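Chain and residue survey
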Amino acid sequence: MDTGRLETFSDGVLAILITIMVLELRVPHGTDLAALRPLLPVLISYVLSFVYLGIYWNNHHHMLHVTERVTGGMLWANLHLLFWLSLVPFVTAWMGENDFAPVPTAAYGVPLLMAAIAYYILQQLIVASQGPESVLRSAIGGDWKGKLSPVCYIVAIPLALKWPGVAWLIYAGVAVIWLVPDRRIEKMIGGK
């Protein structure tokens with residue numbers, strides 16, 4: 001099977017997740033900027049989660065662009081990834097609506113950690129299917145971002161129980177390192 005259906009399905013799921021998150025944003029009762037103040041934690045949580053889902057969408061697109069065929073294992077691994085990403089709207093709302101309280105902030109890191117692991121599994125299944133000389137294998141190289149991210153989440157989750165602000169900064173820091181354009185795959189395929 002080619003990658004078209006897998007990519008289309010994944011794009012649709014991610015679009016729905018972003019839509020669910022934005023629907024959680026409530027209109028303030030007031031007409032001045034002060035009316036937005038109570039909504040700031042919810043808005044900040046939304047922005048961070050939107051960035052995360054955008055990062056996954058972007059990297060997933062690039063990864064599938066260099067994937068020649070899809071196996072049954074890849075389909076299940078992709079569903080595994082989408083499952084963890086589907087929890088992002090829930091933990092986003094919980095963390096934002098509770099002003100970054102310790103337990104919701106710790107819980108926010110769990111789907112991030114599990115999505116990182118699920119993405120790694122999907123990536124490894126694709127490499128195994130396409131072979132060690134595949135474009136994806138060559139492009140990911142040492143994958144320092146992919147290895148550093150789960151470590152950061154593992155540190156941030158228990159840290160959130162004592163210092164939720166520090167954990168949130170770690171979550172945001174991981175997003176920032178992924179926002180820096182990673183052109184490994186584009187370079188491997190000649191910028192197509």
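For the structure itself, consult the block above.
What comes next concerns the included structure. (Residues numbered from 1 in each chain as written. Predicted model: local features only at pLDDT ≥ 70, side-chain atom pairs only at ≥ 80, totals over all residues. Heavy atoms only, no water.)

A closer look at the packing of aromatic side chains
Taken as a whole and assessed by the stated rule, the structure comprises eight aromatic pairs. With 5.9 Å between their ring centres and 45 degrees between their planes, tyrosine 46 and phenylalanine 50 make a pair best called tilted. In this pair, tyrosine 46 and phenylalanine 50 are both assigned in helix H2 (residues 40–65), four residues apart and thus about one turn of the helix distant. Phenylalanine 50 sits in the partly exposed class, given a relative accessible area of 39%. Taken together, the aromatic side chains of Tyr52, Tyr108, Tyr153 and Tyr171 make up a single cluster linked through ring pairs. The cationic tip of lysine 145 hangs over the ring face of tryptophan 178; the distance from NZ or CZ to the ring centre is 5.3 Å. (Phe/Tyr/Trp six-rings, centres within 6.5 Å; stacked < 30°, edge-to-face > 60°. Helix = DSSP H or I, 4+ residues; strand = E, 2+ residues; numbered from the N terminus. Buried < 20%, exposed > 50% of the residue type's maximum accessible area, 1.4 Å probe, protein only. Lys NZ or Arg CZ within 6 Å of the ring centre and 35° of its normal.)

Overview of helix H7 (residues 144–160)
Helix length check: H7 (17 residues) gives 24 Å between terminal C-alpha atoms against 24 Å at 1.5 Å per residue, within 8%. Of the residues making up H7, those classed as buried are Lys145, Gly146, Ser149, Pro150, Cys152, Tyr153, Ala156, Ile157 and Ala160. Buried residues in H7, looked at end-on, bunch into an arc of 160 degrees, giving them a common side. Among the exposed residues of H7, those pointing more than 90 degrees away from its buried face are Trp144, Lys147 and Ile154. Among the structural elements, H2, helix H5 (102–130) and helix H8 (164–179) are those in contact with the buried residues of H7. (Expected span 1.5 Å × (residues − 1). Arc of directions from axis to C-beta. Contact = heavy atoms within 4.5 Å.)

A closer look at the packing of helix H3 (residues 72–86) against H5
At a closest axis distance of 8 Å, the pairing of H3 and H5 adopts a crossing angle of 165 degrees. Classed by the angle they form, the pair H3 and H5 counts as roughly antiparallel. When you trace H3 past H5, the crossing you get is left-handed. In this structure, H3 contributes Gly73, Met74, Ala77, Asn78, His80, Leu81, Trp84 and Leu85 to the contact, and H5 contributes Pro111, Met114, Ala115, Ala118, Tyr119, Ile121, Leu122, Leu125, Ile126, Ser129 and Gln130. Within the contact of H3 with H5, the residues separate by chemical class into 14 nonpolar, five polar and no charged. (Axes fitted to C-alpha atoms, helices over the stretch in contact; angles between N-to-C directions. Parallel < 35°, antiparallel > 145°, perpendicular 65-115°, else oblique. Left-handed = near helix turned anticlockwise from the far one by under 90°. Nonpolar A, V, L, I, M, F, W, Y, C, P; charged D, E, K, R; others polar.)

A closer look at a nonpolar patch on the surface
A cluster of nonpolar side chains, Leu40, Leu43, Ile44 and Val47, forms an exposed patch at the surface whose accessible area comes to about 310 Å². Of note, valine 47 is situated in helix H2. (Patch = residues over 30% accessible without salt bridge, like charges linked within 9 Å, V, L, I, M, F, W, Y side chains within 5 Å. Areas by Shrake-Rupley, 256 points an atom, 1.4 Å probe, with all protein chains shown as cover. Salt bridge = Lys/Arg side-chain N within 4 Å of Asp/Glu carboxyl O.)

Describing the environment of isoleucine 126
You can see isoleucine 126 is positioned in helix H5. Isoleucine 126 gets classed as buried once you look at its relative accessible area, which sits at 0%. Spatially, the C-alpha atom of isoleucine 126 lies 29 Å from that of valine 91, the residues being 35 residues apart in sequence. Those residues in contact with isoleucine 126 that sit more than four places away from it in its chain are Met63, Leu64, Thr67, Met74 and Leu136.

Section: the side chain of glutamine 130
Summarising the element assignment, glutamine 130 is placed in helix H5. Among the polar contacts made by the side chain of glutamine 130, one reaches the main-chain amide nitrogen of glutamate 68 at a distance of 2.9 Å. Contact partners of glutamine 130, with chain neighbours within four places excluded, come to Thr67, Glu68, Arg69 and Met74. (Polar contact = N/O pair within 3.5 Å; in protein donor to acceptor, adjacent residues only side chain to side chain.)

Description of the nonpolar core
Grouped burial of nonpolar side chains is what soluble globular proteins tend to show. By size, the foremost hydrophobic cluster in this structure holds 50 residues, and its most contacted members are Tyr52, Tyr56, Leu81, Leu85, Tyr108, Tyr153 and Tyr171. Those elements that provide at least two residues to this core are helix H1 (4–23), H2, H3, helix H4 (88–97), H5, helix H6 (135–140), H7 and H8. Per element, the largest residue contribution to this core is twelve residues, and it comes from H5. (Core = buried A, V, L, I, M, F, W, Y, C linked by side-chain atoms within 4.5 Å.)

Some words on the side chain of glutamate 7
Along the chain, glutamate 7 turns up in helix H1. One buried charge, glutamate 7, has no salt-bridge partner; the nearest side chain with opposite charge is arginine 5, at 12 Å. Sequence-distant contacts of glutamate 7, defined by excluding residues within four places in its chain, comprise His61 and Leu64. (Lys, Arg positive; Asp, Glu negative; His and termini not counted.)

Description of the pattern of salt bridges
As enumerated under the stated definition, the model contains one salt bridge in all. Measuring nitrogen to oxygen at the nearest pair gives 3.6 Å for the salt bridge that ties glutamate 68 to arginine 69. Judged by its relative accessible area of 36%, arginine 69 is partly exposed.

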